[in-house]
Amino acid sequence: HLARLRTIEFANLWEDFVAADFMDELSKLTTVTQLVARDSFLSQSILEAFACAFPNLRDFCIGELYLLPPSSWDPTPSRLYDPCLSSLCVDPGSKWPDIVSQFLSWAISTGSRTTLQSLSLMVCWSEAQTITEHLTTLGGQLRHLDLQLGMSMGTRTTFEYDSQYFKSYTAVRLNQY
């Protein structure tokens, strides 16, 4: 019925309202290629389940959120798909700045490890080393990299990188906030 639907955006979503049958219905939306989740109260496992519910998801954007601790409640859909994302955007806001590496680690553990071409991340200094390791894992397949570096959060460290490494990108933007 929604044969032209390409993007779904969830805003102000509470984990308590997410049920397994809802997730199963989402998996029927085979034309959806982009998922945006923002201003929501969700655990990381629920966000991952959302991404795995769509069979053709390519772009996943996580906006400001209020990350809930893991719970025993599991609304995982009956069928999960291994996402092969081409684009990942993680900007959790100032409340949970150190979860970016967790989402990037999850993405790398999926089929996205070989398909990810664009990353946009808000990174606090305390995550710099871990993010650097993840970027090294992805190798030269990335074409677009947008890192917003938060100097005001955590202990200041440095991104260690070889300038030759960044030459393989089509676009690199490093911002400090």
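In short, a report on the structure.

### What about the overall build of the protein?
Along the backbone of the protein there are 5 helices and 9 strands. Counting from the amino terminus, the protein carries its helices and strands in the arrangement β-α-β-β-α-β-β-β-α-β-α-β-α-β. Relative to its full complement of 177 residues, the protein shows a buried share of 45%. Looking at the protein alone, contacts between residues at least 24 apart form 85% of all its contacts between residues at least 6 apart.

### Observations concerning the environment of Arg 58
Mapped onto the secondary structure, Arg 58 falls in the loop between helix 2 (44-53) and strand 4 (59-62). In this structure Arg 58 comes out as partly exposed when scored by relative accessible area, which is 33%. Arg 58 sits 27 residues away from Leu 85 along the chain, and the two C-alpha atoms are 4.2 Å apart. When near neighbours in sequence (up to four residues on either side) are disregarded, Arg 58 contacts Thr 33, Cys 84, Leu 85, Ser 86 and Ser 87.

### Overview of the pairing of strand 5 (residues 65-68)
Going residue by residue along strand 5, you find Leu 65 and Leu 67 tucked away on one face and Tyr 66 and Leu 68 left uncovered on the opposite face. Bridging between strand 3 (residues 40-43) and strand 5 involves 4 bridges; their strand directions are parallel. Residue pairing in the sheet places Ser 40 in a bridge with Leu 65 of strand 5.

### So, unusual backbone geometry
A positive phi is found at Asn 12, a non-glycine position, where the angle reads about 60°. By relative accessible area, Asn 12 is classed as exposed at 54%. For Asp 39, which is not glycine, the phi dihedral falls at a positive 50°. Topologically, Asp 39 is positioned in the loop between strand 2 (34-38) and strand 3.

### Examining the packing of helix 2 against helix 3 (residues 100-108)
Closest axis-to-axis distance for the helix 2/helix 3 pair is 12 Å, and the angle between their directions is 35°. Read as a crossing pair, helix 2 and helix 3 show a hand that is right-handed. Residues Gln 44, Leu 47, Glu 48, Ala 51 and Cys 52 of helix 2 lie in contact with helix 3, whose contacting residues are Gln 102, Phe 103 and Trp 106. Partitioned by chemical class, the residues of the contact of helix 2 with helix 3 number 5 nonpolar, 2 polar and 1 charged.

Cut-off values and rules
Residues numbered from 1 in each chain as written. Predicted model: local features only at pLDDT ≥ 70, side-chain atom pairs only at ≥ 80, totals over all residues. Heavy atoms only, no water. Helix = DSSP H or I, 4+ residues; strand = E, 2+ residues; numbered from the N terminus. Buried < 20%, exposed > 50% of the residue type's maximum accessible area, 1.4 Å probe, protein only. Contact = heavy atoms within 4.5 Å. Pairing = 2+ DSSP bridges. Axes fitted to C-alpha atoms, helices over the stretch in contact; angles between N-to-C directions. Left-handed = near helix turned anticlockwise from the far one by under 90°. Nonpolar A, V, L, I, M, F, W, Y, C, P; charged D, E, K, R; others polar.

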